[in-house]
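Reading the structure
Here is what each chain is made of, one letter per residue.
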Amino acid sequence: MRKSTNNKPYDPSTAVLLIYTGGTIGMTEDPATGALKAIDFAYIEEHVPEVNNFSFHIDTYSFDQVIDSSEMGPTHWREMALTIRENYDKYSGFVILHGTDTMAYTASMLSFMLDGLCKPVLLTGSQLPIGKVRTDGKENLLTSIEIAAAKDPMGNPLLREVCIYFDNRLLRGNRCTKVSSDQFKAFDSPNYPCLAHAGIDIHYHPEVLMRNDYGEGDLRLHLDLDPNILVLSLFPGLPESMVASAFETPGLKAVVFRTFGSGNAPASEHFLKILKETTSKGIIIVNISQCFVGKVKMERYATGVTLLSAGVLSGHDMTVEAALAKLMHLLGSGKSSDEVKRLMGVNLRGEMTV
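Below or above, wherever it landed, is the structure these notes cover. (Residues numbered from 1 in each chain as written. Predicted model: local features only at pLDDT ≥ 70, side-chain atom pairs only at ≥ 80, totals over all residues. Heavy atoms only, no water.)

Attention shifts here to the packing of aromatic side chains. Enumeration over the complete set of coordinates arrives at six aromatic pairs. Taking the centre distance of 6.1 Å and the plane angle of 65 degrees together, the rings of F247 and F257 count as edge-to-face. Pair noted here: F247 is in helix α5 (residues 240-247) and F257 is in strand β17 (residues 254-259), with a separation of ten residues, a long-range link. Here the two residues F247 and F257 agree in accessibility, since each one is buried. Among the aromatic residues, ring-to-ring pairing joins Y88, Y91 and F94 into one connected group. Above the plane of the ring of Y88 lies K119, whose end atom (NZ or CZ) is 4.6 Å from the centre. (Phe/Tyr/Trp six-rings, centres within 6.5 Å; stacked < 30°, edge-to-face > 60°. Helix = DSSP H or I, 4+ residues; strand = E, 2+ residues; numbered from the N terminus. Buried < 20%, exposed > 50% of the residue type's maximum accessible area, 1.4 Å probe, protein only. Lys NZ or Arg CZ within 6 Å of the ring centre and 35° of its normal.)

Pasting the structure below:
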């Protein structure tokens, strides 16, 4: 692991740790193939010398091997969480440089792993490498650092949650999803307002911020994650035999079930029998709408009511990323199936509106 510091005097009241995992922001083109490849953090520092102009201390920490975010998984999430825990008392906030493809998954997962968080953890990156003339990476990085260092009038961290900052907007991490692969507005928060907008000034919206009242040193880690979860999207004509086969996957413990509209699915007798047999085995099925905006309301239509009768749980207005992360967290904690079902209906980290 590489750790470097800038040359500014250490200010114990304000300091930010940059955690570099990889992603487009730190990539460069291979001259032979034109493909993007990840390189080390020194390349970013070279192209963003403005990081040395902040009036507070900034340290950097880099993964041993930086990765494309499509390779992201539980091992990397644990490394991020442990790095934050080990440095929690030294820094006012944390900025994680991350690839965009799985950034919403990581932000959702960290929100559950970092229990009692009372400091900002911001994920950011870019759609264009930092060395490109029109890169969005410079503004994303510099503003993320400024937000991570922000204090309220009492001198406490202004933010106390995991967020994504991208294209002038600060979003709650477990409410985000990636919406574009070729626009600078790569992320959106379909069912929750922006936490802040950045223009000439940064305008925060305090009424929608998390207000955790934990004290210093109360951060608790939940490192045990259970990935035995399936994400299954319905489509018209999906053979029931394929659904049955998917639900019989060895070791399966939960399913994020992406349904139509406000949580509707086919109501055939055989399909409902499959669902009932699955839930009767203790496998948890959580209903998440395929719609970008809105929430699951299974009591609204007869087809949704039949899902309720089959033991399917409402995912309310959670994103797929948040539902998956929450299930991995709860199942990994060793809780009973009944307790996991109960907690899936409880707003734990601002991930849903109940």
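Inspection of the entire model under this criterion finds 13 salt bridges. Across the salt bridge formed by R85 and D89, the nearest N and O atoms sit 4.0 Å from each other. With its nearest N and O atoms 2.6 Å apart, the salt bridge here joins D226 to K253. Here D226, found in the loop between β15 (220-221) and β16 (229-233), pairs with K253, found in the loop between α5 and β17; they are 27 residues apart in sequence, far enough to count as distant. (Salt bridge = Lys/Arg side-chain N within 4 Å of Asp/Glu carboxyl O.)

Turning to helix α4 (residues 137-148), a few remarks are in order. Given a rise of 1.5 Å per residue, twelve residues ought to cover 16 Å, and the 16 Å separating the end C-alpha atoms of α4 matches this to within 8%. Among the twelve residues that make up α4, nine are buried, leaving the element largely enclosed by the rest of the structure. Residues of α4 that are buried include every one of G137, N140, L141, L142, T143, S144, I145, I147 and A148, and no others. (Expected span 1.5 Å × (residues − 1).)

On the surface, a nonpolar cluster with roughly 260 Å² of combined accessible area is contributed by V179, F292 and V293. Mapped onto the elements, F292 comes out in the loop between β18 (284-289) and α7 (302-309). (Patch = residues over 30% accessible without salt bridge, like charges linked within 9 Å, V, L, I, M, F, W, Y side chains within 5 Å. Areas by Shrake-Rupley, 256 points an atom, 1.4 Å probe, with all protein chains shown as cover.)

The strand order across the open sheet formed by four strands is β16-β17-β18-β19, and the pairing between neighbours is parallel. Each of the sheet's edge strands pairs with one partner strand only, and the pair in question is β16 and β19 (313-314). Here helix α8 (residues 320-332) sits on the sheet and contacts β16, β17 and β18; the angle it forms with β17, its principal contact strand, is near 165 degrees. (Pairing = 2+ DSSP bridges. Contact = heavy atoms within 4.5 Å. Axes fitted to C-alpha atoms, helices over the stretch in contact; angles between N-to-C directions.)

For the pair α5 and helix α6 (residues 269-280), interaxial distance at closest approach is 10 Å and the crossing angle is 5 degrees. Taken together, the axes of α5 and α6 are roughly parallel relative to one another. Contacts between α5 and α6 pair E240, V243, A244 and F247 from the former with H270, F271, I274, L275 and T278 from the latter. Looking at the contact of α5 with α6 residue by residue, the classes come out as six nonpolar, two polar and one charged. (Parallel < 35°, antiparallel > 145°, perpendicular 65-115°, else oblique. Nonpolar A, V, L, I, M, F, W, Y, C, P; charged D, E, K, R; others polar.)

Let us now look at the layout of surface pockets. The space that makes up the largest pocket amounts to roughly 270 Å³. What lines the largest pocket is a set of 18 residues, and nearest its centre among them are R258, S289, C291, T319 and V320. Mapped onto the lining of the largest pocket, the elements with two or more residues apiece are β18 and α8. Residue composition of the lining of the largest pocket, grouped by class: seven nonpolar, seven polar and four charged. (1 Å grid on protein atoms, 1.4 Å probe; cavity = no way out; pocket = protein on both sides within 12 Å on 5 of 7 lines; lining within 4 Å. Points joined across faces, edges and corners; volume = space filled by probe spheres on them.)

What follows is about the nonpolar core. With 58 residues, the main nonpolar core has I84, L110, L114 and L327 as its most contacted residues. Looking at this core element by element, the count peaks at nine residues for α8. Dropping the residues within four chain positions of it, L327 is found in contact with I229, A254, V256, I284, V286, G332, V340 and M344. One finds I25, I44, V51 and Y192 within the second-largest nonpolar core, a separate group that totals 30 residues. (Core = buried A, V, L, I, M, F, W, Y, C linked by side-chain atoms within 4.5 Å.)

Before going further, it helps to examine the pairing of strand β9 (residues 162-166). A large share of β9 lies buried, amounting to five of its five residues. Burial along β9 is two-sided: the residues V162, I164 and F166 and C163 and Y165 are all buried. Here three bridges tie strand β8 (residues 121-124) to β9, and the two strands are oriented parallel to one another. From the neighbouring strand, L122 faces β9, where its bridge partner is C163. Pairing of β9 with strand β10 (residues 169-172) involves four bridges; the strand directions are antiparallel. When the bridges of β10 are listed, Y165 appears paired with L170. The hairpin turn running from β9 into β10, its antiparallel successor, is two residues long, and D167 in that turn takes a positive phi close to 50 degrees.

For I96, the location among the structural elements is in strand β6 (residues 93-97). When the C-alpha atoms of I96 and P49 are compared, they prove to be 18 Å apart, with 47 residues separating the residues in sequence. Setting aside its immediate chain neighbours within four residues, I96 contacts I19, T21, M80, I84, L110, V121, L122, L123 and T124.

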